Amino acid sequence: MAVRHSYLTYRDTYGFPVSSSGRQVMLRVGAIGVVALPDALGAVVQNQLQPEQLAGPVFTDPSAGRWFFLLDGPPVVAPAHHVLLADAGARILARDEEVTLPVLSEASAAPGDERRWLWPPGYQLPQPAPFVTELLAAARRFDLRERSRALSW
């Protein structure tokens, strides 16, 4: 019942392109862009976005150690930045790829499914371009911190 409720809420209330499969609700990337970041980088990016009021829905999958950011369309990143983002562990999901959304009632999630909303949907999805700007800035700082740690050994 909770999966059906989640599916209907995502589809009818938020307008997300979703499907349901067993005990999961799947979001198809396209009209909504999705960026997956490692926990540490995700926290940095979210902290940068909030004061600028550029933050949108974000959920976490603790078992994967990732934060998932939903955007109003897929982000476009210049090829020159692909290596930086890959080195930082960032992944922009491709059009038509699917991601499993958290069930809205955590008590009804499948056993072992730890996905949960950090900032739930319910407001406008952020535009991709400002998100990418903040992501690149955070990835550069993140990369510099990691390099300085590695060099200090």
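A few points on the structure. (Residues numbered from 1 in each chain as written. Predicted model: local features only at pLDDT ≥ 70, side-chain atom pairs only at ≥ 80, totals over all residues. Heavy atoms only, no water.)

## Some remarks on unusual backbone geometry
Here's step 1: One non-glycine residue, D96, adopts positive backbone phi at about 75 degrees.
Here's step 2: Summarising the element assignment, D96 is placed in the loop between β6 (91-92) and β7 (98-101). (Helix = DSSP H or I, 4+ residues; strand = E, 2+ residues; numbered from the N terminus.)

## Topic: the packing of aromatic side chains
Here's step 1: Overall, the coordinates contain nine aromatic pairs when judged by the stated rule.
Here's step 2: Ring centres of Y10 and Y14 lie 6.3 Å apart, and the angle between their planes is 45 degrees; on these two criteria the pair is classed as tilted.
Here's step 3: Classification of Y10 by relative accessible area gives buried; the value is 0%.
Here's step 4: Taking 6.4 Å as the distance between ring centres and 35 degrees as the angle between the ring planes, the aromatic pair formed by W67 and F69 counts as tilted. Across the pair, F69 and W67 agree in class, each one buried.
Here's step 5: Clustering of aromatic rings is evident, with ring pairs tying together Y10, Y14, F16, F59, F68 and W117. (Phe/Tyr/Trp six-rings, centres within 6.5 Å; stacked < 30°, edge-to-face > 60°. Buried < 20%, exposed > 50% of the residue type's maximum accessible area, 1.4 Å probe, protein only.)

None of this, on its own, says anything about what the molecule does.
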